[in-house]
Each structure stands twice: as C-alpha cells, then as structure tokens.
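Structural overview
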Amino acid sequence: MRSKELSMQVKEAILKLRKQKKTIREIATILRVAKSTVWYILRKKASTGELSNVKRPGRPRKTTVVDDRRIIFMVKRNPFTTANQVNNTLQGVGVSISKSTIKRRLHEIKYRGCTARCKPLISLKNRKTRLDFAKEHLKKPAQFWKNILWTDETKINLYQNDGKKKVWRRHGTAHYPKHTTSSVKHDGGSVMSWECMAASGTGTLVSIDDVTQDRSSRMNSEVFGAILTAQIQLNAVKLIGQRFMIQMDIDPKHTAKATQEFIKAKKWKIIEWPSQSPDLNPIEHAFHLLKTKLQTERPTNKQQLKAATAKAWQSIKKEETQHLVMSKSSRLQAAVGSKGFSIKY
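About the cut-offs
Residues numbered from 1 in each chain as written. Predicted model: local features only at pLDDT ≥ 70, side-chain atom pairs only at ≥ 80, totals over all residues. Heavy atoms only, no water. Core = buried A, V, L, I, M, F, W, Y, C linked by side-chain atoms within 4.5 Å. Buried < 20%, exposed > 50% of the residue type's maximum accessible area, 1.4 Å probe, protein only. Helix = DSSP H or I, 4+ residues; strand = E, 2+ residues; numbered from the N terminus. Contact = heavy atoms within 4.5 Å. Pairing = 2+ DSSP bridges. Axes fitted to C-alpha atoms, helices over the stretch in contact; angles between N-to-C directions. UniProt positions renumbered as here; feature names shortened; annotations may be inferred. Salt bridge = Lys/Arg side-chain N within 4 Å of Asp/Glu carboxyl O. Phe/Tyr/Trp six-rings, centres within 6.5 Å; stacked < 30°, edge-to-face > 60°.

Our next topic: the nonpolar core. Among the nonpolar cores identified, the biggest contains 32 residues, and W145, W150 and W313 are the most heavily contacted of them. Looking at this core, the elements with two or more residues in it are helix 7 (124-137), helix 8 (142-146), strand 1 (148-157), strand 2 (190-198), helix 12 (282-294), helix 13 (302-314), helix 14 (318-326) and helix 15 (328-337). With five residues, the top contributor of residues to this core is helix 12. The residues touching W150, leaving out its near neighbours within four places in the chain, are W145, E195, C196, M197, A198, Q247, W273, N281, P282, I283, V325 and K328.

So, in structure tokens, the structure goes:
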C-alpha cells in the first residue's frame, strides 16, 4: 500500500535541516520519516528544483468525449432515465461500461439521483393562470397580504401511514410497541376539518362531522355555507379587523352558485385564486406544521384525534403564521422565475 504523500511543510523542513548540515539519518529521526524518503526529496530538489508532486495521469477513462455527451444528453432529455437504461443504450452502440461509471460521469456535471417531489399536475392553461396571478400580485405591499383571511380544508388520518419515521433502539427491539408505528387498513379513520388563519395567527378549526346532519365528513356547498356563516366574520374581525379579504381555492363547493350568491350577499371580497396552486398558499404549509406537531401525539380514536388536532392548530405561533404569509412575495417571484411551473414551497 502506498503511504501518504508528505506535506509541503515537511518537505520544506527537510531542506531547512539539510542546510543546517544535518545528515539524512538525523533528518529522518527528527521528522520521523524514512531515510529513503529524505534522500528522494533532496535528490528531486537538486535535479528539478521543485518540491511539489507531478500530477499523475491515473487510469485512462473508459468513456470518450462522445460517450460522455451521449450519457448527458439522455439524462437531460429524460431525467427519469435510469443508469440501467443508459447502459443498455450504450451497449447498443458498442460501449461497455459499468453503472458506476455512468453515475460518475453524471456526478461530474453536478447531477445527483434524488427522490422526485410530488407536485400537482399543471396544464398549459393553469400555468398561464398562475403566471398571470404572480405577475399581477408581485408588487402588492405587505399590508395587502396581512388583510387576507386564508381558508382551506385538510384531512388528518388517525394513523399516519404516509412517510417513514426513524427511531432510536437497541438490537433485537425492532418490534417493541414503543419502537413501532401503528398501521391499519384505511388509516383507521380520519378527521376532515376546515381551518382559517391570517398573518396575526390561527383562527377556528371546525371538524366537518360536527356540522353535517349525518355526522359524516362529506362536505357540500350547504355545509360550507354554514361554516362561512358561523366562522368568517368572527375570525376575520378577531385576526384582521373590519376590512378584510377571503382566500379560497376553486374547489367545486367553493365555486358553487349557492356559495357565490351567499358571499355576494355578505359583500365579502374574495381574492381570485389560480387552480393547482397549493405551493402559493401559506395555509398549506400551516397544515404541514399542524401534522408535524401531531406526530408527537398518539390518539387512539377520532375524538382524541379531533382534540389533539384543535390543540395543535392553536399552538401554531403568530411568528410562524406571519412568516408564512410574508413569504408571499418570494413565492410569487419564484412562480414568475419558473414561468408558472411548480415551485419549491
């Protein structure tokens, strides 16, 4: 096995000791290096005048410039192309290399294999609508966003089956109850709820089955109208004041004729929202905070889940909701930069 190369400081120390009339044996003893190493450094300095190592050629590349371009072209044309598929294509033109070599070529241009993010499907029409919305509202002042009551619905499963969790445990304790998460068919039940928030904090959380007559979580325009009647004015005045706007997505129950007539009768202002745009909506990320807080809870039935959800929603701090709402300008800027496609939020 090759030993590590000497640092430039050690090489300079060898020359310095040699100038002090030290023998090779003495230098090797002082610096704790081999005598042959000291002799080689002194000989190299005398013959070339250099101390730095010459760059070694290394093993010849298995791919040519044309092969590298072909690999990069295939991946850029279809980012979901696998190393196996690239390898099969190269073998078809007489190039035989390993998958590791393919990955190294991609690493050289800063490409890494990552898990694809799941985003809503954005059609050409939706993309244009998102882009127009972003450009129209990009220069809105901060107060404009502070005067909006953000509303939406979310579903909370009793047993969270989506996503993996890590746990600290000892060997042989993988199946201990405190080291496992619960998994049941159909998520073991769920709670559908309506929430609202503003920059100044979270508002009321309403469980849909508390509003419906049959105690189900099915929500239609009639149920939605009952929630609006009871909650909008109350929460808007509390969080914003008398002058406010309402944000709702274009879910069918939100755009139903009865809902629109009710809102018109109340003379409430609604901000028009582009379709397929949860990434532009701060309340979607408030839901993420909510579900993150619920990970520490272990409710065993729907009533406990409802209580835990309401408590977690109210525990979201004003600083957190204000940060989410004030991120609107950067969200819109990102939407303009992506030309209407999905953004990282």
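With that out of the way, let us pick up the sheet that holds strand 1. Spatial ordering of the open sheet is given by 3-2-1-4-5, a layout of five strands whose pairing is mixed. Two strands lie at the open edges of the sheet, namely strand 3 (201-207) and strand 5 (269-271), each paired on one side alone. Across the sheet, the mean angle separating the axes of adjacent strands is 30° when strand polarity is ignored. Bridge analysis of strand 4 (residues 245-247) against strand 5 gives three bridges, and the strand direction is parallel. Counterpart to Q247 in the pairing with strand 5 is I271.

The next subject is the UniProt feature "domain: Transposase Tc1-like" (unreviewed entry) in the protein. Those residues carrying the UniProt feature "domain: Transposase Tc1-like" (unreviewed entry) are residues 68-139 in this numbering. A helix fraction of 61% and a strand fraction of 0% characterise residues 68-139, whose end C-alpha atoms lie 45 Å from each other.

Take the side chain of H254 next. You can see H254 is positioned in helix 10 (residues 252-255). By relative accessible area, H254 is classed as buried at 1%.

This brings us to the pattern of salt bridges. One pass over the structure, following the stated rule, counts 11 salt bridges. A salt bridge links E108 to R105; the shortest N-O distance between them is 3.5 Å. Taken as a pair, E108 and R105 lie in helix 6 (residues 99-108) at a separation of three residues, close to a single helical turn. Judged by its relative accessible area of 8%, R105 is buried. Close ionic contact of K128 with D132 constitutes a salt bridge, the shortest N to O distance being 3.0 Å. Here K128 and its partner D132 are both found in helix 7, four residues apart, which amounts to about one turn of the helix.

Let us look at the packing of aromatic side chains. In this structure the tally under the stated criterion is six aromatic pairs. Arranged with centres 6.0 Å apart and planes meeting at 85°, the rings of W150 and W273 form a pair that is edge-to-face. In this pair, W150 is assigned in strand 1 and W273 in the loop between strand 5 and helix 12, connecting sequence segments 123 residues apart. Each member of the pair, W150 as well as W273, carries the same accessibility label: buried. Judged by centre distance (5.7 Å) and plane angle (80°), the ring pair of F262 and W268 falls under edge-to-face.

On a regular strand, one side chain projects to one face of the sheet and the next to the other, so that they alternate. Within strand 1, nine of the 10 residues are buried, which leaves the element mostly enclosed by the surrounding structure. As judged from the three bridges shared by strand 1 and strand 4, these two strands associate in the parallel manner. Counted as the bridge partner of W150 is Q247 from strand 4. Across eight bridges, strand 1 lies against strand 2 in antiparallel orientation. What sits directly across from T151, in strand 2, is C196.

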